[in-house]
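Analysis of the macromolecular model
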Amino acid sequence: MTAEKILTKHPLGKSGKNIDRRKYETLKKGILSALRKNDLTHTELFSRLNKSLKGKFSGNISWYGETVKLDLEARKMIERRSSKPQKYRLKPN
C-alpha cells in the first residue's frame, strides 16, 4: 500500500515537492499551532517544531518543516513580515 502524497506549492512559483500527506499534516499542525500564540522568527519557529516533534516524527524535521512552511506561505495561510529580523505570522482573515 502506498502512502497518500501531496504536491506542495512554493510562494515564488518554483516547483513544489511531493511528500507524504501524513507528514505534511503533522508539520502543518505544528507550524500553525506555534504561530497561534505570537509572531516568530525562522529560528524560533524551527526550534519549537524540533522540540514538539522530536521522537514523534520520522524524517528530517527541518527539511519537511521548510517545505510545509513554504507551502503555507503559497496558500496564504501564513505570511512573512518585513520586520528585522523577519518574522512569520498567521495570515489575518
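Details of the structure are given in the entry above.
Small disclaimer: the values here were computed from a predicted structure and weren't measured.

Some remarks on the overall build of the protein
- Looking only at helices and strands, the protein features three helices and five strands.
- Each helix (α) and strand (β) of the protein, taken in turn from the N terminus, gives the series β-β-α-β-α-α-β-β.
- In terms of C-alpha radius of gyration, the protein reaches 13 Å, essentially the compact-globule figure of 12 Å for 93 residues.
- The burial tally for the protein puts 34% of its 93 residues in the buried class.
- Across the protein, contacts joining residues at least 24 apart in sequence account for 51% of those joining residues at least 6 apart.
- Between the mean site of the 24 positive side-chain charges and the mean site of the 9 negative ones, the protein shows a separation of 2 Å.

Considerations on the side chain of Thr41
- Looking at the secondary structure, you find Thr41 in strand E3 (residues 40-41).
- For Thr41, a relative accessible area of 12% translates into the label buried.
- In this structure Thr41 touches Pro85, Gln86, Lys87 and Tyr88, once residues within four positions along its chain are discounted.

Re the sheet that holds strand E4 (residues 78-80)
- Across the sheet, which stays open at both edges, the three strands sit in the order E3-E5-E4 with antiparallel pairing between neighbours. Of all the strands in the sheet, the pair left with one neighbour each is E3 and E4.
- Looking at chain direction, E4 and strand E5 (residues 87-90) are connected through three bridges and run antiparallel. Bridging across to E5, Arg80 finds its partner in Tyr88.
- Packing of helix H1 (residues 21-37) onto the sheet brings it into contact with E3, E4 and E5, and relative to E5 it is tilted by some 95°.
- This element, helix H3 (residues 61-74), spans E4 and E5 of the sheet and lies at about 95° to E4.

Cut-offs applied
- Residues numbered from 1 in each chain as written.
- Predicted model: local features only at pLDDT ≥ 70, side-chain atom pairs only at ≥ 80, totals over all residues.
- Heavy atoms only, no water.
- Helix = DSSP H or I, 4+ residues; strand = E, 2+ residues; numbered from the N terminus.
- Rg over C-alpha atoms; globule rule 2.2 N^0.38 Å.
- Buried < 20%, exposed > 50% of the residue type's maximum accessible area, 1.4 Å probe, protein only.
- Contact = heavy atoms within 4.5 Å.
- Lys, Arg positive; Asp, Glu negative; His and termini not counted.
- Charge placed at Lys NZ, Arg CZ, Asp CG, Glu CD.
- Pairing = 2+ DSSP bridges.
- Axes fitted to C-alpha atoms, helices over the stretch in contact; angles between N-to-C directions.

That's the geometry; what it means functionally is another story.
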